[in-house]
Amino acid sequence: MISIVFATNNQHKLRELREIAGNALIIKSLKDVGLDTDIPETQETIEGNARQKARFVYEKTGLDCFADDTGLEIAALYGRPGVYSARYAGEGCNFDDNIKKVMEEMQGVEDRRACFRCSICMIYRQNEYMFEGRIDGEITQGPSGSDGFGYDPVFRPDKQSQTFAEMPPYLKNGLSHRGRAVQKMLQYLARL
Ligand code: IMP
């Protein structure tokens, strides 16, 4: 069984990853490997941030690991918040602040198309790999649902009647940007 460290301090992501990977992988948290630190995330792209986070954890621990970085890209906002999704409403903001800002900016906007993009960087047996996942959808008129995290209450995937926050976790994970990127990573590891 492959054991790998997930380079994140986000407990929502950790739970999702464990649900997606099921029995295919043993996913260790940073706490499990004794790393209690903020991970730098200062690049201009989600790919760059995923790489930076995975390399940071690899340099600190020498263990096989992976990191993900995600951005919500809204067409009418020219791709914002994108790589700035976590701190869109400013330093120290929370999920509600970010949603509020998006709702304000999208007020009265007809074109509500958006997508989530996720990049995963995996460092395995000293080699580095990138995997991508994307889901298209739209920004709703208001938040709905209490599952998930981040922008989930205001993102409805194409062909779905529920936002990510209204879906049971298995449904979100089966469709989501992160779920798709992780499936690619799992398929790659299964072939090794
Ligand atoms: P990160 O930099 O990958 O941690 O993600 C940036 C921000 O995007 C997070 O703080 C969340 O607000 C948002 N985000 C990441 N993944 C998801 C998701 O699956 N659903 C909704 N929002 C997400």
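The structure reproduced in this document is the subject of the present report. Nothing here was measured: the structure is a model prediction, and the numbers come from that model.

**A word on the overall build of the protein chain**
Secondary structure summary: the protein chain contains five helices and seven strands in total. The order of helices and strands in the protein chain, counted from the N terminus, is β-α-β-α-β-β-α-β-β-β-α-α. For 192 residues, the compact-globule formula gives about 16 Å, and the C-alpha radius of gyration of the protein chain, at 16 Å, lands near that figure. Of the accessible surface of the protein chain, which amounts to about 9,900 Å², a share of 45% is contributed by carbon and sulfur atoms. Here the protein chain holds 25 positive side-chain charges and 28 negative ones, and the gap between their average locations is 4 Å.

**Describing the nonpolar core**
Membership of the largest hydrophobic core comes to 20 residues, with the highest contact counts inside it found for L25, I27, F66, I120, M122 and M185. Counting residues per element, the ones that place at least two in this core are strand 1 (2–6), helix 1 (11–21), strand 2 (25–28), strand 5 (113–124), strand 6 (127–139) and helix 5 (177–191). Among the elements that make up this core, the one with the highest residue count is helix 5 (five residues). Beyond its immediate stretch of four places on either side in the chain, F66 contacts I4, V5, F6, A7, L17, I27, A54, I120, C121, M122 and M185. Formed by 18 residues, the second largest nonpolar core is a distinct cluster that contains I99, A114, F155 and F164.

**So, helix 3 (residues 95–105)**
The set of residues buried in helix 3 consists of N98, I99, V102 and M103. Down the axis of helix 3, the buried set is contained in an arc of 135 degrees. They therefore lie on one face. More than 90 degrees from the buried face of helix 3, the exposed residues found are D96 and K100. Buried residues in helix 3 make contact with strand 3 (65–74) and strand 6.

**Quick notes on the packing of aromatic side chains**
A complete count under the given rule lists seven aromatic pairs for this structure. Measuring from ring centre to ring centre gives 4.8 Å for Y129 and Y188, while their planes differ by 50 degrees; the resulting arrangement is tilted. Pair noted here: Y129 is in strand 6 and Y188 is in helix 5, with a separation of 59 residues, a long-range link. Accessibility expressed as a relative area gives 25% for Y188, which makes it partly exposed. Here F155 and F164 contribute two aromatic rings whose centre-to-centre distance is 5.4 Å and whose plane-to-plane angle is 35 degrees, an arrangement assigned as tilted. For the pair F155 and F164, one class covers both residues: buried. Through successive ring pairs, a cluster of aromatic residues spans F116, F155 and F164. Taking the ring centre of Y88 as reference, the NZ or CZ of K101 above it sits at 4.3 Å.

**A few points about the site of the ligand**
By nearness alone, 15 residues border the ligand, and K13, E41, D152, K172 and R178 come closest of all. In the model, a nitrogen atom of the ligand is placed 3.1 Å from a nitrogen or oxygen of the Y151 main chain. K172 is positioned such that a nitrogen or oxygen atom in its side chain is 2.8 Å from an oxygen atom of the ligand. For the ligand, whose unbound accessible area comes to 480 Å², protein coverage reaches 94%. Secondary structure elements with two or more residues in the shell around the ligand: strand 3 and helix 5. Partitioned by chemical class, the residues of the shell around the ligand number five nonpolar, four polar and six charged.

**Side note on the environment of Y124**
With respect to the helices and strands, Y124 occurs in strand 5. Looking at Y124, the relative accessible area reads 5%, which means it is buried. The spatial distance from the C-alpha of Y124 to the C-alpha of G108 is 47 Å, given a sequence separation of 16 residues. Once you skip the residues sitting within four places of it in the chain, Y124 turns out to touch I2, D64, Y129, L189 and L192. A polar contact of 3.3 Å, which involves the side chain of Y124, links it to the side chain of R125.

Rules behind the numbers
- Residues numbered from 1 in each chain as written.
- Predicted model: local features only at pLDDT ≥ 70, side-chain atom pairs only at ≥ 80, totals over all residues.
- Heavy atoms only, no water.
- Helix = DSSP H or I, 4+ residues; strand = E, 2+ residues; numbered from the N terminus.
- Rg over C-alpha atoms; globule rule 2.2 N^0.38 Å.
- Areas by Shrake-Rupley, 256 points an atom, 1.4 Å probe, with all protein chains shown as cover.
- Lys, Arg positive; Asp, Glu negative; His and termini not counted.
- Charge placed at Lys NZ, Arg CZ, Asp CG, Glu CD.
- Core = buried A, V, L, I, M, F, W, Y, C linked by side-chain atoms within 4.5 Å.
- Buried < 20%, exposed > 50% of the residue type's maximum accessible area, 1.4 Å probe, protein only.
- Contact = heavy atoms within 4.5 Å.
- Arc of directions from axis to C-beta.
- Phe/Tyr/Trp six-rings, centres within 6.5 Å; stacked < 30°, edge-to-face > 60°.
- Lys NZ or Arg CZ within 6 Å of the ring centre and 35° of its normal.
- Near = heavy atom within 4 Å.
- Polar contact = N/O pair within 3.5 Å; in protein donor to acceptor, adjacent residues only side chain to side chain.
- Nonpolar A, V, L, I, M, F, W, Y, C, P; charged D, E, K, R; others polar.

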